[in-house]
Amino acid sequence: MKDNAGGWVVAGWLGRYRAQWLRGDTLGALTAWALIVPECVAYAQIAGVPPQNAFYAAPVALVIYALVGRSNFLIVGATSAAAVLSAATVAGISSDPQDAVGLSAALAIVVGAILLAAGIARLGFITNFLAEPALVGFLFGMALTIVVRQAAKIVGVSSGEGNFFERLSTVLSNAPDWSWTTLAVGVSALTLLFVLERFLPRLPAALVVLVLGLVVSAVLSLKDHGVEIVGKIPSAVPVPHLPGIPAQDWIALAAGALGVALVVFAEAFSIANRFAREHGQAVDANREMAAVGLSNIAVGFVRGFVVSGSASRSAASAGAGGRTPVVSLIAAALILLTGAFLTPLFTDLPEPVLGAIVVVAVRGFMKTSELRRYAAADRRSLWVALTALIGVLLFDLLPGLLLAVALSLVMFIAAASRRNVAVLGRLPGSSLYADTAAHKDAAPTPGVLVVRPDGSLFFGNINRVQLAVQDRLRGTDPAPHTVVLDLTSSFELGVPVLDTLQELAEELGRQNITLHLAHVRTKAARQLAAHPLATRLGPQHIHPTVEQAVAAASGEPA
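The shown structure was predicted, so the numbers you read here are calculated from the model rather than taken from an experiment.

An account of the overall build of the protein chain is needed here, citing residue identities and associated values.
Counting secondary structure elements, the protein chain contains 21 helices and eight strands. Overall size of the protein chain, expressed as C-alpha extent along the three principal axes, is 95 × 55 × 50 Å. Put simply, the protein chain has 558 residues, and 53% of those count as buried.

Given below as structure tokens:
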């Protein structure tokens, strides 16, 4: 893949790797491995494929992302969101369980191809429209959704189906059926996790608790006391395998794959970006889009299903000390060994212990401090975050994520459409023009109104800018004979913008006011030259600088 310098590199971090990082990465990998193995079973069931298919996918996804991705902390693999999306898309084509494996693998390939093509086309900028408050709310809601599902494991009942509130209601209404032995195991695991993190932060708390859980389960035979255990996991080693589905099914998958690709990447990038910010790093959206795409393509060719970034595994790995993609490489090797030889080791793992580990791992995404900061300083951001959060809780993870994306786009359009139009004046002793509201010594030129939209013009704000220019005219006494529009912030001018500027020129003409344009950028100048506005204004009304425009309007030499 292409790095920021323009060269195509794979695993560029390897040359910078330090030996002292290996201990933390190994502990992070062991923790990730311990979570991935049992979760593979659960997510395969959600996706409607046999458990071994998740084992086929897991090491392949980890290795491919480690080689081409940029996040040091993102653990790529099966997730609840990806599994739910995969199952829903596949079910829309065939309800036959025999078709699920081939269709799921093909869907992963199509999703991966879409993301890879989008990354190469540098469409990662789409992530810039994901507003931070919306992502804060989405991740908070995602963490709560994961917590309520794991809470059901901790008390020994099913969380049922539906959204967060329905699942929470199911868990609470089944209180008479709670297994007190299961609850004791889960609460003990939670307590030990918090104690170890508080007093022995260097220890891999999740791994210690998992090993103790296995030992206690085996010694006390917790299964015989009503505690659910992970159970037997079939052995599995990934081998290349074509999906083997008809051509019409590939075509049928394409439409649904677009939505799956958007959600999968948004989920993965939001997690990668959050870890990058917390650790003073950066991730490139184009690179991440292509990396997640390649991971899905590779997974599809080993009979896996759609993969994304895992919040719980990424958080648990980082909490155990993982700091580089070596975590994924070690975890992949461990999963290969596990799939081939070691699955019996996890047979006695208590489900409440696994639930406790996941709950502690995702609590970092519940950013109450951010919500308080928004409440104190930015109520609009608070409402956006809360709307995304409640959307996830009410409509579940996938619709909630789409709501977060929609809110981000609304925020962007709303902000872009509100452009301040500044009145400019010449600074004393110079040829520079500045905003008269910010620089009290900036003097307007008599008879010439110089205005500058503080941002790029596009179809969503040009009408407001037109009205703002008229407002500035009404506030100028005596009325000017010329308006100079400084376009320094507009690198291109679409047809709707040019049409509206032509209307403005005609309006001003009816008031015996001439329109001049200044600072017309290169691309904008080409677009202007192809529009009737250029003929109406003439070259004498289009200038490279505000100073030259004012000089021409005043009849003075530039």
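Explain the environment of R287 residue by residue, including any values.
Mapped onto the elements, R287 comes out in helix α10 (residues 285–300). Residue class for R287 comes out buried when judged on its relative accessible area of 2%. Along the backbone, R287 and A100 are 187 residues apart, and their C-alpha atoms lie at a distance of 30 Å.

I'd like a description of the pairing of strand β6 (residues 482–486), backed by residues and values.
Both faces of the sheet carry side chains from a regular strand, because those side chains alternate between them. Burial analysis of β6 places five of its five residues in the buried class, which makes it a mostly covered element. Of the two faces of β6, the one carrying T482, V484 and D486 and the one carrying V483 and L485 are both buried. Strand direction decides the pairing type here: strand β5 (residues 448–453) and β6, joined by four bridges, are parallel. Within β6, the position partnered with V450 by the bridge is V484. Crossover connection from β5 via helix α17 (residues 462–474) to parallel β6: handedness right-handed.

Can you break down helix α8 (residues 205–220) residue by residue, with the values?
Compared with an ideal rise of 1.5 Å per residue, which puts 16 residues at 22 Å, α8 spans 22 Å between its outermost C-alpha atoms and is within 8% of the ideal. All buried positions along α8 are accounted for by A205, A206, L207, V209, L210, G213, L214 and S217. Following α8 by one or two positions, S221 has its phi on the positive side, about 50°.

Tell me what's going on with the nonpolar core, and back it up with residues and numbers.
Grouped together as the largest cluster of nonpolar side chains are 121 residues, with contacts concentrated most on I36, V111, L115, F305, V306 and F365. The greatest single-element share of this core, amounting to 13 residues, is contributed by helix α9 (residues 247–278). Counting residues in hydrophobic clusters, the runner-up holds 28 residues, among them V421, L449, L508 and I513.

Quick rundown of the packing of aromatic side chains? Include the residues and the values.
Throughout the structure, instances matching the rule amount to six aromatic pairs. A cation over an aromatic ring shows up here: R198 above the ring of F199, its NZ or CZ 5.2 Å from the ring centre.

Outline the pattern of salt bridges, supporting the account with residue identities and numerical values.
For the structure on display, the rule yields eleven salt bridges. For K523, the salt bridge identified is with E492, shortest N-O distance 3.3 Å. You can see K523 sitting in helix α19 (residues 522–529) and its partner E492 sitting in the loop between β6 and α18 (495–510), a full 31 residues away along the chain. Connected through shared salt-bridge partners, E132, R274 and R277 make up one network.

Before we move on, can you summarise a nonpolar patch on the surface with the specific residues and values?
Taken together, the side chains of V211, V215, V216, V219 and L220 present a nonpolar region at the surface, about 420 Å² in accessible area. Mapped onto the elements, L220 comes out in helix α8. Judged by relative accessible area, which is 49%, L220 ranks as partly exposed.

Which residues make up the packing of helix α1 (residues 22–47) against helix α12 (residues 326–342), and what values do they have?
In the contact formed by α1 and α12, the axes pass within 8 Å of each other and the chain directions differ by 45°. Comparing their axes, α12 and α1 come out oblique. Where α1 crosses over α12, the handedness of that crossing is right-handed. Within the contact between the two elements, α1 uses L22, D25, T26, G28, A29, L30, W33, I36 and V37 and α12 uses V326, V327, I330, A331, L334, I335 and T338. A per-class count over the contact of α1 with α12 returns twelve nonpolar, three polar and one charged.

Describe in detail unusual backbone geometry, supporting the description with residues and values.
Here R122, not a glycine, exhibits a phi torsion of approximately 60°, which is positive. The residue R122 is located in the loop between α4 (97–120) and α5 (132–155) in this model. A residue is classified by how much of its surface remains accessible, and R122, at 51% relative accessible area, is exposed. The phi angle at R303 is positive, at roughly 65°, despite the residue not being glycine. Relative accessible area serves as the criterion here: at 22%, R303 is assigned to the partly exposed category.

Thresholds, definitions, all that
Along every chain, residues carry numbers that run from 1 in the direction the sequence is written. Where local features are concerned, this predicted model is filtered to residues with pLDDT of at least 70; where side-chain atom pairs are given and counted, the filter is 80 or more; whole-chain, interface and lining totals use all residues. Heavy atoms throughout the structure, all of them, feed into the side-chain values; hydrogens and water do not. Runs of H or I in DSSP of at least four residues are treated as helices and runs of E of at least two as strands, each being numbered from the N terminus. A simple rule labels every residue: compare its accessible area, found with a 1.4 Å probe on the protein chains alone, to the largest value its type can have, and call it buried under 20%, exposed over 50%, or partly exposed in between. In this description, strands pair whenever DSSP reports at least two bridges between them. Seen with the strands pointing away from the viewer, any crossover whose path from the first strand over the helix to the second strand runs clockwise is right-handed. Here the expected length of a helix is defined as 1.5 Å per residue gap, with one fewer gap than residues. The set of buried Ala, Val, Leu, Ile, Met, Phe, Trp, Tyr and Cys residues whose side-chain atoms join them within 4.5 Å is what this entry labels a nonpolar core. Each Phe, Tyr or Trp ring, with Trp reduced to its six-membered ring, pairs with another whose centre is within 6.5 Å; inter-plane angles below 30 degrees give stacked pairs, above 60 give edge-to-face pairs, and intermediate values give tilted ones. Whether a charge lies above a ring is judged from NZ of Lys or CZ of Arg, which has to be within 6 Å of the ring centre and within 35 degrees of the ring normal. Only one rule defines a salt bridge in this text: a Lys or Arg side-chain nitrogen within 4 Å of an Asp or Glu carboxyl oxygen. Patch membership requires over 30% relative accessible area and the absence of a salt bridge. Like charges are linked within 9 Å, and nonpolar side chains (Val, Leu, Ile, Met, Phe, Trp, Tyr) within 5 Å. We get accessible surface area from the Shrake-Rupley algorithm with a probe of 1.4 Å; when it comes to residues, only the shown protein chains can shield them. Only C-alpha atoms enter the line fits that serve as axes; for helices the fit covers just the stretch in contact. Angles between N-to-C directions range over 0 to 180 degrees. Roughly parallel means an angle under 35 degrees; roughly antiparallel, over 145; roughly perpendicular, 65 to 115; everything else is oblique. In this scheme the crossing of two helices becomes right-handed for a clockwise turn of the near helix relative to the far one and left-handed for an anticlockwise turn of less than a right angle. Throughout, a residue-residue contact means that at least one pair of heavy atoms, one from each residue, lies within 4.5 Å. Classification convention: Asp, Glu, Lys, Arg as charged; Ala, Val, Leu, Ile, Met, Phe, Trp, Tyr, Cys, Pro as nonpolar; all other residues, Gly among them, as polar.

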